[in-house]
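The lines below spell out each chain.
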Amino acid sequence: MSQIPMVDLKTQYNHIAEEIDNAIKKVIHSTQFIGGEALSEFKSNLSKYHHNAHVIPCANGTDALQIALMAAGLKPGDEVITTPFTFVATAEVIALLRLEVKFVDVYYDTFNMNIEQLEEARTERTRAVIPVHLFGQCCNMDPINEWAKSHDICVIEDNAQSIGAHYTNHLGTARRSGTLGDMACTSFFPSKNLGAYGDGGAIFTKDDELAEKLSVICNHGSKVRYYHEAIGVNSRLDGIQAAILNVKLKYLDQYNERRNVAAHNYKTLLQDVVEIILPETAEYSDHVYHQFTLKIPNGKRDQVQKHLNSKGIASGVYYPVPLHLQKAYYSPNFPEGSFPISERLALEVLSLPMHTELDMETQSRVVEEIKITL
Ligand SMILES: *Cc1c(COP(=O)(O)O)cnc(C)c1O
């Protein structure tokens, strides 16, 4: 039996190989490896995709978060609220900038920020909040924005996993993730929903002044070459990656649709397995299934993963240790038990193979093997 991987970037590439190869060749022939036409084209198309928000490309999603925090003008000791159930980058950049990480727990059903805990976590030093749109669906952004606005707190969406998703507010107005906060960050890591063939990232904002600040920070704090008005970083998306992403952006909605079809198939195949809790979609968001994440309670998750492994079927535990229990982020303020939902999810979650090339036969095989173990 052949192996079943988490993602299949090879088959995806094969379908668009000619377009991709031509785009890469064009950049090489132009020798515009940094900046250049491919980058401006991608910037402009990505902006259109995001209701004409400013787009500031950078080197990766982690940089995007760091640069957004720098542009927010926070001072050492200022506090930033996020959740412990996320990829480490979200908290890492807060700590790197000598800001204080504050956590709130997540909801068991959506894996996203528990907005009822925000006010309790707030102090006079709280200056920013980073809601993470985890696994492919949006946090409940209107209440977050409203709360943040009334306390002069900057909202930075971590949209690394949910590019292309929509948030629908109580009035029924739908807006794209990445256009909902003061700033938003995304990642073009190869396995993300819009993946490059290397590293890449971007920051989004509708605010002209912030957009200017962000692009200055990305470019060594400089507007005029060799004159530096702010402390910046060197963080760029290169021309070849921009050209590849520009091709793939055209297919993003189609790719997200295919992920939805695959998610629907899994849900149908798994619907009467009582030991499994299927992923749920909140009423205020659609889902782009960056991950298809099951919950398998009662200590059975590891045995399922072990069995899948023995059959050559990949699966993932995102994330096995919540950030407040990581050695690097340990604080006596957040001992074990502080965020019970995140801690419980770390023991129960299992993400199944999910990508744009999945077929029913493969999915049936995955589900058959899961059923054997339960
Ligand atoms: C992938 C990811 C990042 C970081 O992106 P990189 O491009 O790998 O630096 C940040 N936050 C979340 C939630 C992610 O999934």
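Notes on the structure follow.

Quick notes on the rules
- Residues numbered from 1 in each chain as written.
- Predicted model: local features only at pLDDT ≥ 70, side-chain atom pairs only at ≥ 80, totals over all residues.
- Heavy atoms only, no water.
- Phe/Tyr/Trp six-rings, centres within 6.5 Å; stacked < 30°, edge-to-face > 60°.
- Helix = DSSP H or I, 4+ residues; strand = E, 2+ residues; numbered from the N terminus.
- Lys NZ or Arg CZ within 6 Å of the ring centre and 35° of its normal.
- Core = buried A, V, L, I, M, F, W, Y, C linked by side-chain atoms within 4.5 Å.
- Buried < 20%, exposed > 50% of the residue type's maximum accessible area, 1.4 Å probe, protein only.
- Contact = heavy atoms within 4.5 Å.
- Arc of directions from axis to C-beta.
- Polar contact = N/O pair within 3.5 Å; in protein donor to acceptor, adjacent residues only side chain to side chain.
- Pairing = 2+ DSSP bridges.
- Axes fitted to C-alpha atoms, helices over the stretch in contact; angles between N-to-C directions.
- Salt bridge = Lys/Arg side-chain N within 4 Å of Asp/Glu carboxyl O.

The description of an aromatic ring pair uses the distance of the two centres, along with the angle that the planes make with each other. Under the criterion given, the structure shown has 15 aromatic pairs. Both rings, one in Tyr13 and one in Tyr197, keep their centres 6.2 Å apart while their planes meet at 75 degrees; by these two values the pair is edge-to-face. Pair noted here: Tyr13 is in helix H1 (residues 9-15) and Tyr197 is in the loop between strand E8 (183-187) and strand E9 (201-205), with a separation of 184 residues, a long-range link. A cation sits over an aromatic face here: Lys295 above Tyr108, 4.2 Å from the ring centre.

Attention shifts here to the nonpolar core. The biggest cluster of nonpolar side chains holds 33 residues, and the ones touching the most others in it are Leu69, Val80, Ile156, Met183 and Ile203. Counting only elements with at least two residues in this core, the list comes to strand E1 (54-58), helix H4 (61-71), helix H5 (89-96), strand E3 (100-103), strand E5 (154-158), E8 and helix H8 (208-218). Ranked by the residues each element gives to this core, the list is headed by H4, at 6 residues. Ignoring any residue separated from it by four or fewer positions in sequence, one finds Leu69 in contact with Leu74, Val80, Val93, Ile94, Leu97, Leu99, Ala128, Ile130 and Ile156.

Here helix H11 (residues 301-310) has its buried residues at Arg301, Val304, His307 and Leu308. For H11, the buried positions fall inside an angular range of 135 degrees around the axis, keeping them on one side. Among the exposed residues of H11, those oriented more than 90 degrees off its buried face are Lys306, Asn309 and Ser310. Its buried side turned inward, H11 meets helix H12 (340-348), strand E11 (349-352) and helix H13 (360-373). Note on H11: the residue one or two positions beyond its end, Gly312, has a positive phi of about 75 degrees.

Right, let's get into the side chain of Ser331. Its place among the elements puts Ser331 in the loop between H11 and H12. You can call Ser331 buried: its relative accessible area is 15%. A polar contact is formed between the side chain of Ser331 and the backbone nitrogen of Asn333, at a distance of 3.0 Å.

Let's shift gears to the sheet that holds E9. The 7 strands lie next to each other as E1-E9-E8-E5-E4-E2-E3, forming an open sheet whose pairing is mixed. Because the sheet does not close on itself, it has two edges, and the strands there are E1 and E3. When strand polarity is set aside, the average angle formed by the axes of neighbouring strands in this sheet is 25 degrees. Relative to E5, strand E4 (residues 126-129) runs parallel, the two sharing 2 bridges. Bridge pairing links Val129 to Val155 in E5.

Another point: the pattern of salt bridges. Per the counting criterion, the structure on display carries 11 salt bridges. Arg176 serves as the salt-bridge partner of Asp253, at 3.9 Å between the closest nitrogen and oxygen. Of the two residues, Asp253 sits in helix H10 (residues 252-270) while Arg176 sits in strand E7 (residues 174-176), which places them 77 residues apart along the sequence. Using a relative accessible area of 10% as the deciding quantity, one classes Arg176 as buried. For Asp302, the salt bridge identified is with Arg301, shortest N-O distance 2.7 Å. A relative accessible area of 6% places Arg301 in the buried class. Connected through salt bridges with shared partners, the residues Glu212, Lys223 and Glu229 form a single ionic network.

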